[in-house]
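What the coordinates show
The lines below spell out each chain.
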Amino acid sequence: FFLTSADLKSIPSEKAGGWGCGRLRYYKAGDCLQYAYRKYGYEGLLKKIKSRCKRAVNKKKREERAKEAQRALASAPLSEINANSSVSLPSYSEIGKMRKEIKRAFKPYLTWDALRMRQAPNGAMMTIRVNRVEKAMYAALIGRRNDPNLTTMVKSGAWYSARTGNSVFGNLGAPRGSGGKYGCNSDLAVDGDSIEVRYSPSQKTIAIRAFVC
């Protein structure tokens, strides 16, 4: 309905009951639609709906192109891909250096002090960023070294996204804390199942989000 959280405060709702529901609230679709009509008008709302449909169609086309590219790359040798690509593939040495940099970036978040600051004694989602990263390097980190132009992936907004597990760290393994009183930070580590690796080509930035516990 293209409504913001501020809009929802003006719409009748019912608080969800039961254990663990938190701030969950229920809204009637009819009430939301009426508010959207008042906010945007008929023409404005219709324009937004058409734009959303157009984005969905374009996304579907990009997904189909990505599938075709994936099928083509599956049968092409890496040497041929490197020769035909305008992007040079990073060496294994360069990939290793990048993995070390990523592990260093996690270090300040692998402390009990960092969790206490977030009032999360049982663990929290942490995000680190590494700048000046080329597209081909991102492809190698997420296990797509044979696709340096990311033709087999579809962006969501400005970002590519991949779930990699601990493989993004290679043989280095997941980052683990160190130091602290009596070495207590060594109890903390990155949960491999939670790792999401994102990349923004325009900013040349990698953002890695993971649960520290």
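To be clear, the structure that these remarks concern was listed above.
Residues numbered from 1 in each chain as written. Predicted model: local features only at pLDDT ≥ 70, side-chain atom pairs only at ≥ 80, totals over all residues. Heavy atoms only, no water.

Relative to the assigned elements, K135 resides in helix 6 (residues 135-141). For K135 and P201, which are 66 residues apart along the polypeptide, the C-alpha to C-alpha distance reads 6.6 Å. Discounting chain neighbours no more than four positions away, the residues touching K135 are P148, N149, L150, Y199 and P201. (Helix = DSSP H or I, 4+ residues; strand = E, 2+ residues; numbered from the N terminus. Contact = heavy atoms within 4.5 Å.)

All chains considered together, the criterion is met by two aromatic pairs. For the pair F106 and F169, a centre-to-centre distance of 6.2 Å together with 70° between the ring planes defines the contact as edge-to-face. One end of the pair, F106, is in helix 4 (residues 92-106); the other, F169, is in the loop between strand 4 (160-163) and strand 5 (190-200), with 63 residues separating them in the sequence. Neither residue differs from the other here; F106 and F169 are each classed as buried. (Phe/Tyr/Trp six-rings, centres within 6.5 Å; stacked < 30°, edge-to-face > 60°. Buried < 20%, exposed > 50% of the residue type's maximum accessible area, 1.4 Å probe, protein only.)

Now for the sheet that holds strand 3 (residues 124-131). Strand order in the open sheet formed by four strands is 3-6-5-4, with antiparallel pairing between adjacent strands. Taken across any chain shown, the strands that pair with only one partner, and hence form the sheet edges, are strand 3 and strand 4. Between one strand axis and the next, the sheet turns by 20° as a mean value, whatever way the strands run. Contacts from helix 4 reach strand 3, strand 5 and strand 6 (205-212) within the one sheet, and its direction differs from that of strand 3 by about 135°. (Pairing = 2+ DSSP bridges. Axes fitted to C-alpha atoms, helices over the stretch in contact; angles between N-to-C directions.)

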